Amino acid sequence: GKYLFDSKDTYLTLLKETVEQVRKYYSDTLIAIKPKPFKRAETNDWIPPFVESLNGKKITIDYTPLTFTATKTILALFNIPSTAFFDFVINDVPCIEHVRYGENHKKIHPNDSYLQEFGAIKKSNVEELDKAISTVKDGTLKIMSKNSLKKHIEHNDDKNTFETL
């Protein structure tokens, strides 16, 4: 947490805010919390007690690779940057990054986050998050098209690349 946020509790606050706002619009939909795909006591053991503290039904912790679940997803929310984002983008899933990065992160990443370059919308407070989720629910959130994404990542091979190495 210290790399991304100024306080060790920021990620818990962000995750709680995210779940609460999703529940306002999707009260009966399963929420899958997707931890990083490794299991170490100091990394992920906080998640089950945290999920239990939410006292919510239909919240699960899921380690299934996103390649298999992204196609079934209504909305993807990120509280930290993740390359898993691309599994959703290529499946036309609306993506929201709900974060409040700390000063350490901003020193290393002055542009804040790369997810916005690829179609995610960034929100940093509950009111903004609420409005963004409502636009997903009513179908008015504009997402990056596959063609725009392809154009964004397009490149031309340079025949001299290997010669200059």
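First, a word on scope: everything that follows refers to the structure included in this document. (Residues numbered from 1 in each chain as written. Predicted model: local features only at pLDDT ≥ 70, side-chain atom pairs only at ≥ 80, totals over all residues. Heavy atoms only, no water.)

**Observations regarding the nonpolar core**
Step number 1: One finds Ile 33, Ile 59, Ile 96 and Ile 133 to be the most contacted residues of the largest nonpolar core, which totals 19 residues.
Step number 2: Those elements that place two or more of their residues in this core are helix 1 (10–25), strand 1 (31–33), helix 3 (47–53) and helix 7 (126–137).
Step number 3: For this core, the leading source of residues is helix 7, giving four residues.
Step number 4: The contacts of Ile 33, once residues within four sequence positions are left out, are Leu 15, Ile 47, Val 51, Ile 59, Thr 60, Ile 61 and Asp 62.
Step number 5: Core analysis: the second largest hydrophobic core is formed by 14 residues, Leu 66, Ala 70, Phe 78 and Ala 84 among them. (Core = buried A, V, L, I, M, F, W, Y, C linked by side-chain atoms within 4.5 Å. Buried < 20%, exposed > 50% of the residue type's maximum accessible area, 1.4 Å probe, protein only. Helix = DSSP H or I, 4+ residues; strand = E, 2+ residues; numbered from the N terminus. Contact = heavy atoms within 4.5 Å.)

**Examining the packing of aromatic side chains**
Step number 1: Scanning the entire structure with this criterion turns up four aromatic pairs.
Step number 2: Summarising the aromatic geometry, the rings of Phe 78 and Phe 88 are spaced 5.9 Å apart at their centres and angled 75° between planes, so their arrangement reads as edge-to-face. Of this pair, Phe 78 sits in strand 3 (residues 76–78) while Phe 88 sits in helix 5 (residues 85–89), placing them 10 residues apart in sequence.
Step number 3: Overall, the relative accessible area of 8% leaves Phe 78 in the buried class.
Step number 4: Taking relative accessible area as the criterion, Phe 88 reaches 6% and is therefore assigned buried.
Step number 5: Each residue in the set Phe 78, Phe 85, Phe 86 and Phe 88 is aromatic and connected to the rest through ring pairs, giving one cluster. (Phe/Tyr/Trp six-rings, centres within 6.5 Å; stacked < 30°, edge-to-face > 60°.)

**Description of helix 1**
One full turn of an α-helix is made of 3.6 residues, so residues set three or four places apart face in the same direction.
Step number 1: An ideal rise of 1.5 Å per residue puts 22 Å on 16 residues; helix 1 measures up with 23 Å between its terminal C-alpha atoms.
Step number 2: Taken as a whole, helix 1 has its buried residues at Thr 10, Leu 14, Leu 15, Glu 17, Thr 18, Val 19, Gln 21, Val 22 and Arg 23.
Step number 3: Packed against the buried residues of helix 1 are strand 1, helix 3, strand 2 (59–61), strand 3, strand 4 (95–98) and helix 7. (Expected span 1.5 Å × (residues − 1).)

**What to know about empty space enclosed by the protein**
Step number 1: Under the criterion given, the structure shown has one cavity of 30 Å³ or more.
Step number 2: Taken as a whole, the largest cavity spans an internal volume of roughly 80 Å³.
Step number 3: In terms of lining residues, the largest cavity is bounded by 14 residues, among which Val 93, Cys 95, Gly 119, Ile 143 and Met 144 are the most central.
Step number 4: Looking at side-chain class alone, the lining of the largest cavity contains 11 nonpolar, one polar and two charged residues. (1 Å grid on protein atoms, 1.4 Å probe; cavity = no way out; pocket = protein on both sides within 12 Å on 5 of 7 lines; lining within 4 Å. Points joined across faces, edges and corners; volume = space filled by probe spheres on them. Nonpolar A, V, L, I, M, F, W, Y, C, P; charged D, E, K, R; others polar.)

**A look at the pattern of salt bridges**
Step number 1: Scanning the model with the defined rule gives four salt bridges in all.
Step number 2: The residue Lys 16 makes a salt bridge to Glu 20 at a minimum N-O spacing of 3.9 Å. Of this pair, Lys 16 and Glu 20 both sit in helix 1, four residues apart, which is roughly one turn of the helix.
Step number 3: The class for Lys 16 is partly exposed, based on a relative accessible area of 41%. (Salt bridge = Lys/Arg side-chain N within 4 Å of Asp/Glu carboxyl O.)

**Thoughts on unusual backbone geometry**
The phi angle of most residues is negative, glycine excepted, and most peptide bonds adopt the trans form.
Step number 1: For Lys 58, which is not glycine, the phi torsion reads 60° and is therefore positive.
Step number 2: Examined against the element boundaries, Lys 58 turns out to sit in the loop between helix 3 and strand 2.
Step number 3: In this model, Asp 92 sits at a positive phi of 55°, which is unusual for a non-glycine residue.
Step number 4: Looking at the secondary structure, you find Asp 92 in the loop between helix 5 and strand 4.
Step number 5: Among the residues examined, Asp 92 registers a relative accessible area of 38% and is labelled partly exposed.

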